[in-house]
Amino acid sequence: MTHALSDLCHSPMLVLAIFVLGIGGTFQYGFQISVLNSPSPYIKKFLNETWLMRYGAALEDWKLNLIWSFIISLYAVGGLIGALNAGHLAVKYGRKRCLLSNNFVAIAGGVMMGLSRRAQSFEMIMVGRFLYGINAGISLNVQTMYLGESAPKRLRGLVSMTVSTFLSIGKLSGQLLGLNEILGSEDLWPVLLAFSVVPALIQLVSLPFFPETPRYLLIDKGDQVQCEKAIQRLWGKGDYRSEIHDMVLEHAAIKGEKSKSVLELILEKSLRWQLLTVIVTFTTLQLCGINAIYLYSFDVFRAAGIPTHQVRYVALGTGLCEIFTSLFCGLLIESTGRRVLLLRGYWCMALVLGLLTVTIFLQDQLIWMSYCSMSLIFAFIFFFGSGPAGVTAPLPGEIFNQACRPAAFVIGGSLNWMGLFIIGMIVPILVDTLDYLCFIIFLGFCFFSGVYVWFYFPETKGKTVLEITEDFQKMHSKTQTEAAETVENHKELQSVTSTKL
């Protein structure tokens, strides 16, 4: 743990890159997820006033709720479109240029949001929300690619974990700035909605000082000289021949193969288990129940005796909990391993959901049960943040080679955004219909995802992409002969490449 932190401190440019990428990347994603909660009454009032001014009649409740739901869902629609295009853009223009250009999308969205009230146009809020979604859909995928391809093998897990850390910081920032005492007031809500311009400008100004990712330069562009320069800038002075050797091996393994499309990746039989792993983990990320937990937490806090007007302040504690657990996971990931963190996360989350169902059922009979429910909510956030939340996002970058990586991120990102849209639509209905029994559904997803990881997902800690591919093939080969042939092919490739070097 301390060794990984010490190594990271010896690479100040990499630390700065983590901050610059995070503030303009998943920070934006998390911020937009939470920012509309507090100022929603004022925005709905603006919708009503604008409609009244235009048509001489106030909006009916069902129309107002429909427009509001549309505004909320446009973020996920934009995110899906961004995610579907992220892989192609990252391959064609490079990770760095793609992220730089993406900031203009966020700035355009912020301008729309900021001027919406002055222009008396709620349609501008819709456009701004859609543009924010596109920005987040692209950055979520490409930021994760950049970090995974720029980190040395010994720090890959810790560096990639910062994706979820900045997402959690963004969520908390949205909650905090959205308080009525800061920017969530009736006068300042347009400023709050336009705030994402600030992180976008920070990244736009700072990112040009950082190089393109070493893996992209060597494996995609075949430029080993620029790759070595990028490594020296990001990691500091040192001997990195073994890391470069691993990249050369991967470059030789794909034999000049161009980046695969999504369809080509889906049809590739040799990668079906890696693809299934991405599908299972990214689907469970949204269907694990975290959104239902957040939605139900307000009722639990009120049942514990916290006044309604103070619940939102207590809810900030859930955001802080998520940040601390993601940091904790980052410190553990290289020593514990991805497989263990996923297993522990899924099965402990399933256990917590089962216990929470019981405590909520009993809290009307036993007053102290509400405190148990509140403790279980924080326990669920801890296991979510220290497992699936941190491990899932960078997973495609670890288990796929350079040719397949962009398409794998597109598939994972698309599943994430589709899940976000579906969950946003059905969780309120599930909670209204099934009440706390809805947790049983999410318990099932967590438990069976844990079973999948136990049987079908090998450990990736400290391994190269080629070694991880071997492990998948060994685990799922129909015969031992196939597994032996895979290992022998890799050894031959290593000897040939070593001779060339």
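Now for a description of the structure that goes with this document. Only a predicted model underlies this, so the values are computations on that prediction, with no experimental measurement involved. (Residues numbered from 1 in each chain as written. Predicted model: local features only at pLDDT ≥ 70, side-chain atom pairs only at ≥ 80, totals over all residues. Heavy atoms only, no water.)

**Brief notes about the overall build of the protein**
When helices and strands are tallied, the protein shows 25 helices and zero strands. Computed over C-alpha atoms, the radius of gyration of the protein comes to 23 Å, within 12% of the 23 Å expected from 2.2 N^0.38 for 501 residues, which places it in the range of a compact globule. Taking the intrachain contacts of the protein between residues at least 6 apart in sequence as the baseline, contacts between residues at least 24 apart amount to 81%. Here the protein displays about 21200 Å² of accessible surface, and carbon together with sulfur accounts for 66% of that area. Across the protein, the 38 positively charged side chains and the 35 negatively charged ones have centroids separated by 4 Å. (Helix = DSSP H or I, 4+ residues; strand = E, 2+ residues; numbered from the N terminus. Rg over C-alpha atoms; globule rule 2.2 N^0.38 Å. Contact = heavy atoms within 4.5 Å. Areas by Shrake-Rupley, 256 points an atom, 1.4 Å probe, with all protein chains shown as cover. Lys, Arg positive; Asp, Glu negative; His and termini not counted. Charge placed at Lys NZ, Arg CZ, Asp CG, Glu CD.)

**Considerations on a nonpolar patch on the surface**
A grouping of Val77, Ile81, Met418, Phe421, Ile422, Met425 and Ile426 is seen on the molecular surface, where their side chains present a nonpolar patch of about 550 Å² in accessible area. Sorting the residues of the nonpolar patch by element identifies α5 (61-93) and α22 (405-434) as the ones contributing at least two each. With respect to the helices and strands, Ile422 occurs in helix α22. (Patch = residues over 30% accessible without salt bridge, like charges linked within 9 Å, V, L, I, M, F, W, Y side chains within 5 Å. Salt bridge = Lys/Arg side-chain N within 4 Å of Asp/Glu carboxyl O.)

**Considerations on the nonpolar core**
The nonpolar side chains of a soluble globular protein tend to be buried, and buried together. Membership of the largest hydrophobic core comes to 75 residues, with the highest contact counts inside it found for Tyr29, Leu47, Ile71, Val159 and Trp417. In terms of residue count, helix α7 (residues 122-150) provides more of this core than any other element does, 13 residues in total. Residues contacting Trp417, with those up to four places away along its chain left out, are Tyr29, Tyr75, Ala76, Gly79, Leu80, Ala83, Gly133, Ala136, Gly137 and Leu140. Among the nonpolar cores identified, the runner-up in size contains 35 residues, and Met349, Ile360, Phe383 and Phe442 belong to it. (Core = buried A, V, L, I, M, F, W, Y, C linked by side-chain atoms within 4.5 Å. Buried < 20%, exposed > 50% of the residue type's maximum accessible area, 1.4 Å probe, protein only.)

**So, the side chain of Thr318**
Assignment of secondary structure puts Thr318 in helix α17 (residues 311-336). On the accessibility criterion, Thr318 (2% relative accessible area) is buried.

**A closer look at the side chain of Glu250**
By the element assignment, Glu250 lies in helix α13 (residues 241-254). Side-chain polar atoms of Glu250 contact the backbone nitrogen of Gln402, separated by 2.8 Å. With residues up to four places along the chain from it excluded, the contact list for Glu250 reads Arg215, Ile219, Asn401, Gln402, Arg405, Val465 and Leu466. (Polar contact = N/O pair within 3.5 Å; in protein donor to acceptor, adjacent residues only side chain to side chain.)

**Considering unusual backbone geometry**
Backbone geometry at Gln120 places phi at a positive 55°, although glycine is not the residue there. Mapped onto the secondary structure, Gln120 falls in the loop between α6 (95-115) and α7.

**Quick look at the pattern of salt bridges**
All chains considered together, the criterion is met by 13 salt bridges. The salt bridge involving Lys171 is made with Glu322; its shortest N-O contact spans 3.2 Å. Of this pair, Lys171 sits in helix α8 (residues 156-177) while Glu322 sits in helix α17; the two residues are 151 residues apart in sequence, bridging distant segments of the chain. Residue Lys171 shares its accessibility class with Glu322, and that shared class is buried. The network of salt bridges with common partners includes Arg95, Glu149, Arg215, Glu250 and Arg405.

**Structural notes on helix α15 (residues 272-287)**
The end-to-end C-alpha distance of α15 is 22 Å, a good match for the 22 Å that 16 residues give at a rise of 1.5 Å each. Just past α15, the residue Gly289 takes up positive phi, approximately 105°. (Expected span 1.5 Å × (residues − 1).)

**A closer look at the packing of aromatic side chains**
According to the stated counting rule, one finds 18 aromatic pairs in the structure shown. Aromatic side chains Trp273 and Tyr456 sit 4.9 Å apart centroid to centroid with 20° between the ring planes, which places their arrangement in the stacked category. Taken as a pair, Trp273 in helix α15 and Tyr456 in helix α23 (residues 439-456) lie far apart in primary sequence, 183 residues in all. For Tyr456, a relative accessible area of 34% gives the class partly exposed. Members of the aromatic cluster, each reached through a chain of ring pairs, are Trp273, Tyr452, Phe455 and Tyr456. Positioned above the aromatic ring of Trp454 is the side chain of Arg339, whose terminal nitrogen or guanidinium carbon lies 5.4 Å from the ring centre. (Phe/Tyr/Trp six-rings, centres within 6.5 Å; stacked < 30°, edge-to-face > 60°. Lys NZ or Arg CZ within 6 Å of the ring centre and 35° of its normal.)

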